[in-house]
Amino acid sequence: MERQVGHLLRCAHQRHTAIFQRRIGDRHLTPVQFAALVKLYDLGEVSQNQLGRNTAMDASTMQGVIKRLASRGLIQRKADPNDRRRLLLNLSEEGKKVVELAIPSGLIITNSTLSPLSEDEKKTFVELLAKISH
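It is worth spelling out the layout of surface pockets at this point. Considering only enclosed or pocket space, the largest pocket measures out at about 1,500 Å³ in volume. In this structure, the largest pocket is lined by 33 residues; those nearest its centre are His13, His16, Phe125, Leu129 and Ser133. Listing elements by their share of the lining of the largest pocket, those giving two or more residues are α1 (5–23), α2 (31–43), α5 (93–113) and α6 (119–132). Take the lining of the largest pocket: its biggest share by element is 10 residues, from α1. Tallied by class, residues from the lining of the largest pocket come to 23 nonpolar, nine polar and one charged.

Next up on the list: the sheet that holds strand β1 (residues 46–47). One open sheet accounts for three strands, arranged β1-β3-β2; its pairing is antiparallel. Where the open sheet ends on each side, the last strands, each with one partner, are β1 and β2 (75–80). Against the sheet, α2 engages β1, β2 and β3 (83–91), with an angle of about 95° to β3. Its contacts with the sheet place helix α4 (residues 59–71) against β2 and β3, and it is angled at close to 120° to β2.

Now for the nonpolar core. Within the largest apolar cluster, 25 residues are counted, with the highest numbers of intra-cluster contacts made by Leu37, Leu51 and Ile75. Taken together, the elements giving at least two residues each to this core come down to α1, α2, α4, β3 and α5. In this structure, Leu37 is in contact with Leu29, Leu69, Leu74, Ile75, Leu91, Val98 and Val99, ignoring residues within four places of it in sequence.

Any two side chains of opposite charge can pair, on the condition that their charged atoms come close. All chains considered together, the criterion is met by six salt bridges. Put simply, Lys78 and Glu45 hold a salt bridge, and the shortest N to O gap is 3.2 Å. On the criterion of sequence distance, the pair formed by Lys78 in strand β2 and Glu45 in the loop between α2 and β1 is long-range, its members being 33 residues apart. Residue classification places Lys78 among the partly exposed residues on the basis of a relative accessible area of 42%. The partly exposed category is assigned to Glu45, whose relative accessible area is 38%. Of the charged contacts in the structure, one is a salt bridge between Lys96 and Glu93, with a shortest N-O distance of 3.4 Å. Highlighted residues: Lys96 and Glu93, both in helix α5, separated by three residues, approximately one helical turn. We classify Lys96 as partly exposed; its relative accessible area is 32%.

In this section: the packing of α2 against α5. In contact at an axis separation of 10 Å, α2 and α5 are set at 115° when each is read in the N-to-C sense. It follows that α2 is roughly perpendicular to α5 by the angle criterion. You can see that α2 and α5 cross each other, and the crossing is left-handed. Contacts between α2 and α5 pair Phe34, Leu37, Val38 and Tyr41 from the former with Val98, Val99, Glu100, Ala102, Ile103 and Gly106 from the latter. Residues that form the contact of α2 with α5 fall into these classes: eight nonpolar, one polar and one charged.

Thresholds applied
Residues numbered from 1 in each chain as written. Predicted model: local features only at pLDDT ≥ 70, side-chain atom pairs only at ≥ 80, totals over all residues. Heavy atoms only, no water. 1 Å grid on protein atoms, 1.4 Å probe; cavity = no way out; pocket = protein on both sides within 12 Å on 5 of 7 lines; lining within 4 Å. Points joined across faces, edges and corners; volume = space filled by probe spheres on them. Helix = DSSP H or I, 4+ residues; strand = E, 2+ residues; numbered from the N terminus. Nonpolar A, V, L, I, M, F, W, Y, C, P; charged D, E, K, R; others polar. Pairing = 2+ DSSP bridges. Contact = heavy atoms within 4.5 Å. Axes fitted to C-alpha atoms, helices over the stretch in contact; angles between N-to-C directions. Core = buried A, V, L, I, M, F, W, Y, C linked by side-chain atoms within 4.5 Å. Buried < 20%, exposed > 50% of the residue type's maximum accessible area, 1.4 Å probe, protein only. Salt bridge = Lys/Arg side-chain N within 4 Å of Asp/Glu carboxyl O. Parallel < 35°, antiparallel > 145°, perpendicular 65-115°, else oblique. Left-handed = near helix turned anticlockwise from the far one by under 90°.

Take a look at the structure:
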């Protein structure tokens, strides 16, 4: 079991999530919510579907994330004037503040997660994860 990829990925994910929760600075912010906020910060106004694709979240996960972020006042939702079935998302001013405070913590979290590795191992590990993630 200790050499099974799924088991090792789950253990690494649990470690990363624990580090994230300790260091992010917002006890209500989850890793997937953080990803959605950062991507909205990077992209500006996007559809809910596009945000889901850009954060690798399925529609039901994305819907829950958007609902929770909107209930905290971190994002704004509106119907697309060109297609009323489509929902457009933006960061609110409060959402921008949360992201701007959290991004430096995200870098610390990544460094903490990868801290057992040498610099060369970190680079290789991230490259390999990216390769198997697509």
